[in-house]
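Take a look at the letters that make up each chain.
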Amino acid sequence: MSTVNLAETAAGLPRAWSSRLLGTVGAACVKVLRMDGSPVEEESHEAAEALLVLDGRLELEVGGTDVTVRAGELFVVAAGTAHTVRPGSRGTLVIVELPET
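In this report, we go over the structure that sits alongside the text. Values in this document were obtained by computation on a predicted structure and should not be read as measured data.

### Section: the nonpolar core
Note on soluble globular proteins: their nonpolar side chains tend to be buried together.
Link 1 in the chain: Grouped together as the largest cluster of nonpolar side chains are 13 residues, with contacts concentrated most on L51, L58, L60, V69 and L93.
Link 2 in the chain: Mapped onto this core, the elements with two or more residues apiece are β2 (28-36), β4 (49-62), β5 (65-70) and β8 (90-97).
Link 3 in the chain: The element contributing the most residues to this core is β4, with five residues.
Link 4 in the chain: Excluding residues that lie within four positions of it along the chain, L51 makes contacts with L58, L60, V69, E73, L74, F75, V77, L93, V94 and I95.
Link 5 in the chain: Counting residues in each nonpolar core, the second largest holds five residues, with L22, V30, V32 and V94 among its members.

### Some remarks on the pattern of salt bridges
Link 1 in the chain: Under the definition given, this model contains four salt bridges.
Link 2 in the chain: In this structure, K31 and E97 form a salt bridge, with 2.5 Å as the shortest nitrogen-oxygen distance. Pair noted here: K31 is in strand β2 and E97 is in strand β8, with a separation of 66 residues, a long-range link.
Link 3 in the chain: Close ionic contact of R86 with E59 constitutes a salt bridge, the shortest N to O distance being 2.6 Å. One end of the pair, R86, is in the loop between β7 (83-85) and β8; the other, E59, is in strand β4, with 27 residues separating them in the sequence.
Link 4 in the chain: Overall, the relative accessible area of 21% leaves R86 in the partly exposed class.
Link 5 in the chain: When salt bridges with common partners are traced through the structure, they connect R57, E59, D66 and R86 into a single cluster.

Cut-off values and rules
Residues numbered from 1 in each chain as written. Predicted model: local features only at pLDDT ≥ 70, side-chain atom pairs only at ≥ 80, totals over all residues. Heavy atoms only, no water. Core = buried A, V, L, I, M, F, W, Y, C linked by side-chain atoms within 4.5 Å. Buried < 20%, exposed > 50% of the residue type's maximum accessible area, 1.4 Å probe, protein only. Helix = DSSP H or I, 4+ residues; strand = E, 2+ residues; numbered from the N terminus. Contact = heavy atoms within 4.5 Å. Salt bridge = Lys/Arg side-chain N within 4 Å of Asp/Glu carboxyl O.

Below, the structure is given as C-alpha cells:
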C-alpha cells in the first residue's frame, strides 16, 4: 500500500459524512470522511469507536454531555454509548472502528 493524503481523500468524497475505507488493522476498519457542519443522528455501536480530528473540529453529544474534539485530538466513544454529531462539525475526521456484526 502507498501513502494516503487524508485531507485530499476526504475532500474528494462525493458527500460529507460519506466515509472511505482506507484499510484494516487487525479486525478494525480505518476510515476517513469530510464533515460539513451538518448534524448526524444519534447512534451507538457494539464496540468502542475512535474519532481522530485531523483539521477543524467535531462537536458531539455523548451520553447527554457536550464534547468538542479539536484538530489533533482523539476521542474514544465507549461501546454501547449513544452519541450524536451536533451542528458545527467541520473538517477531516478519521474513524477507527470494528465492523458491525
